[in-house]
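Listed here are the chains, written in short residue letters.
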Amino acid sequence: MTSTKSPRPASHRYYCSFGANLQPQENATDALSWLCEQFQRVTLSGIITTEPQEMESLLPFVNFAFWFDSSLSPQQVKSRFNRQEERRGRDRSDPQCSIKDRPLDLDILSVDRAPELATQPDYLIPLLNQLLNNAPLEGDTVPIHLGSLKLGDAATTIYRDARSGHIRVVDQHP
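Please read these numbers as outputs of a predicted model, since none were measured by experiment.

The rules behind these values
Residues numbered from 1 in each chain as written. Predicted model: local features only at pLDDT ≥ 70, side-chain atom pairs only at ≥ 80, totals over all residues. Heavy atoms only, no water. Buried < 20%, exposed > 50% of the residue type's maximum accessible area, 1.4 Å probe, protein only. Helix = DSSP H or I, 4+ residues; strand = E, 2+ residues; numbered from the N terminus. Pairing = 2+ DSSP bridges. Expected span 1.5 Å × (residues − 1). Phe/Tyr/Trp six-rings, centres within 6.5 Å; stacked < 30°, edge-to-face > 60°. Lys NZ or Arg CZ within 6 Å of the ring centre and 35° of its normal.

Counting buried positions over the ten residues of strand β4 (residues 61-70) gives nine, a clear majority of the element. Pairing geometry for strand β1 (residues 12-20) and β4, over nine bridges, is antiparallel. The partner of G19 across the bridge, within β4, is N63. Examined bridge by bridge, strand β2 (residues 41-44) and β4 share three bridges and lie antiparallel to one another. Bridge pairing links L44 to F66 in β4.

So, in structure tokens, the structure goes:
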């Protein structure tokens, strides 16, 4: 007798980053809500502000690193990230969009293994260190409110209960 169940797609762990310097706190909150809707459990670093790099702008960025598990392919995840960026107003057809102010920038840093810190931009290293090694963040963090939850100080795992639609913090790391 053969099984009629199709095999479950392989799950991947995605290590990613968020950045925004146009309405950054509002866009961080919206992006985090969207991420939780898409990927049931999201673990994120603390949230910080950084100076723009490799672009000329007076507007600081809000940044955090995060990971989640998904059976989607890297191309599917990147496509969803790009669509979300466009919904928030980023013009990805502009050849200079990578050096302009942006409402949302979601990047996949690595898949299935932790990103190599030596290959990451300086501003991401403390965020990844906190996310991967539970290292403390130096300096000020940015509070982000997701419903009644205040995030930003510490690495946090957020879980969305698909049955109720509620979002809750599962673990807030020291």
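Don't stop here, the text continues.
What follows is about helix α1 (residues 24-38). In a regular helix each residue adds 1.5 Å, so 15 residues correspond to 21 Å; α1 covers 20 Å between its end C-alpha atoms and thus fits that length. For α1, every residue scored as buried is listed here: N27, A28, T29, A31, L32, W34, L35 and C36.

Counting across every chain of the model gives nine aromatic pairs. Arranged with centres 4.7 Å apart and planes meeting at 15 degrees, the rings of F18 and F64 form a pair that is stacked. Placement of the pair is F18 in strand β1 and F64 in strand β4, with a sequence separation of 46 residues. Here F18 matches F64 in class, with each residue buried. Ring geometry for F64 against F66: centres 5.8 Å apart, planes inclined by 55 degrees, an arrangement best described as tilted. The class for F66 is buried, based on a relative accessible area of 0%. An aromatic cluster is defined as three or more aromatic residues linked by ring pairs; in this entry it consists of Y14, F18, W34, F39, F64, F66, F68 and F81. One cation-aromatic arrangement involves R13 over W67; the distance from NZ or CZ to the ring centre is 3.6 Å.

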